[in-house]
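Summary of structural features
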Amino acid sequence: MKTTLTVIKADVGSIGGHIMPSKRLLARVQEVVESAGKALIQDHYIGFTGDDIAILMTHTHGVRHEQVHKLAWDAFVAGTAIAKEEGLYGAGQDLLKDSFSGNVHGLGPAVAEMEINERPNEPFLFFAADKTDPGAYNLPLFLTFADVMTTPGLILSPKLSQGFRWVVMDVNHTEGDRVIELVTPEEIYDLAALLRDNERFVVESVWSRASGEQCAAVATSRLHNIAGKYTGKDDPVMMVRTQMDFPATGEVLAPYAIGHFVAGGMRGSHNMPLMPVALNTPTSYFDGPPLVSCAAFCVHGTKLTEPADCFAHPLWDEVRAHVSRKAIDMRRQGFNGAAMLPMAELEYTGVMDKLAKLEKRFTVRVQKKPAAAA
Ligand code: F6R
Ligand code: MG
Ligand code: MG
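The rules we used
Residues numbered from 1 in each chain as written. Chains lettered and ligands numbered in written order. Predicted model: local features only at pLDDT ≥ 70, side-chain atom pairs only at ≥ 80, totals over all residues. Heavy atoms only, no water. 1 Å grid on protein atoms, 1.4 Å probe; cavity = no way out; pocket = protein on both sides within 12 Å on 5 of 7 lines; lining within 4 Å. Points joined across faces, edges and corners; volume = space filled by probe spheres on them. Helix = DSSP H or I, 4+ residues; strand = E, 2+ residues; numbered from the N terminus. Nonpolar A, V, L, I, M, F, W, Y, C, P; charged D, E, K, R; others polar. Phe/Tyr/Trp six-rings, centres within 6.5 Å; stacked < 30°, edge-to-face > 60°. Buried < 20%, exposed > 50% of the residue type's maximum accessible area, 1.4 Å probe, protein only. Donors = N, O, S within 2.8 Å, 3.2 Å for Na, K, Ca; no water.

When its volume is computed, the largest pocket comes out at roughly 760 Å³. Surrounding the largest pocket, 33 residues form its lining, R64, H105, M169, D177 and T220 being those nearest its centre. The set of elements that each furnish at least two residues to the lining of the largest pocket consists of β4 (110-116), β6 (164-170), β8 (201-208), β9 (214-218) and α7 (223-227). Counted by class, the lining of the largest pocket contains 14 nonpolar, 10 polar and 9 charged residues. Estimated volume of the second largest pocket: approximately 300 Å³. Classifying every residue of the lining of the second largest pocket by side-chain character gives 3 nonpolar, 8 polar and 8 charged.

Once that is clear, we can look at the packing of aromatic side chains. Evaluation of the coordinates by the stated rule reveals 12 aromatic pairs. Judged by centre distance (5.6 Å) and plane angle (20°), the rings of F124 and F297 are stacked. Highlighted residues: F124 in strand β5 (residues 123-130) and F297 in strand β14 (residues 291-300), separated in sequence by 173 residues. In this pair, the class of F124 matches that of F297, namely buried. Three or more aromatic residues link up through ring pairs in this structure, and these residues are F127, Y137, Y256, F311 and W316.

In ideal tetrahedral geometry, four donors around a metal make angles of 109.5 degrees, whereas ideal octahedral geometry with six donors gives angles of 90 or 180 degrees. On the protein side, the magnesium ion (ligand 3) has D51 (OD), D52 (OD), D130 (OD) and D235 (OD) as donor atoms, found 2.0 to 2.2 Å from it. Mapping the donors of the magnesium ion (ligand 3) onto the primary sequence gives the spacing D-D-x77-D-x104-D. A separation of 3.5 Å is found between the magnesium ion (ligand 3) and the magnesium ion (ligand 2), which share D51 as a coordinating residue. In this pair, D130 sits in strand β5 while D235 sits in the loop between α7 and β10 (237-241), placing the two residues 105 residues apart along the sequence. Residue classification places D130 among the buried residues on the basis of a relative accessible area of 0%. A relative accessible area of 5% means that D235 is categorised as buried.

As a further point, take the coordination of the magnesium ion (ligand 2). Looking at the metal site, the magnesium ion (ligand 2) is ligated by D11 (OD), H18 (ND1) and D51 (OD), spaced 2.1 to 2.7 Å from it. Each donor residue of the magnesium ion (ligand 2) lies on the same chain, and together they follow the pattern D-x6-H-x32-D. For D51, a relative accessible area of 2% translates into the label buried.

Shown next as structure tokens:
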């Protein structure tokens, strides 16, 4: 029987602005998943990254399963009631529709799922990011699965040397899922041409060409494409299987040492470097920098081990210090140029309103013609 790994995350309210969920809110989500999930799911893990709560579930029902999605939806609805009771900021903000219908796709919460043939040892990584969008994973995935400087396994392992199949989504297309498939290493430059644009082209999944098995699943929902306006950054979750036919855990983690600049931070409208943090870390400086946490698990007979906190290791303190310096440096240029996101990505309409008002005051200077030569 196949094992399904499902992670569904949402921001349904947080303390002190967009910082972190309250203990009571987390406890309520946990309570609902435990009680209502008894006969439905095999195992679960619940954690937070910044103001987002993620519910990781293992089960045997396949992806997009109505009851499994409803379990997470109900847990977030119950959590919202606590958030309202406690007066948390943004109570229920990611539950964009009034009622559940079929699955949570298009309803607000982010979803990443994989149905897998469990190997005898099945290590996988669960990433959760806050104050950014799904394109934040583009560069790390590209480096892990397509760059031999990051992943020596691409030349060391005959299975990895066969390359990977990529499914990339055009997230600007709102009338349905517009996707393209590419294979590496053959189409590596075409893939890079797409993945340079984090706000439009987003890796949805990566598959081993040696075994045909899925190795990565990314939540690709863009909240503004669902709500028709910005309701906050998407704060994507992702799962990556590791070792044997897939990149090693360390080859998946290594690109997060870069602290690359991603969309997110302050009012969802600024470019900030992505900081790898320990599990259950709140947000801080300038509503950022964007955070990414990673829990490593093994799943065996659909049961999860306890999580190993990948970014808690001392090496990442050095990375965090470097990312902090990058973040503070970028903030020195305030609203200008690369510091703020392009117009179409801003969460607020203020800049657009100001430009529309100023438009009427522009004049085109009339050049005096030079006097004709006598
Ligand atoms: C994401 C997040 C941000 C906010 C954005 C707008 O977790 O918190 O994207 O949604 O900063 O926030 P307010 O509510 O201040 O308009
Ligand atoms: Mg938020
Ligand atoms: Mg968030």
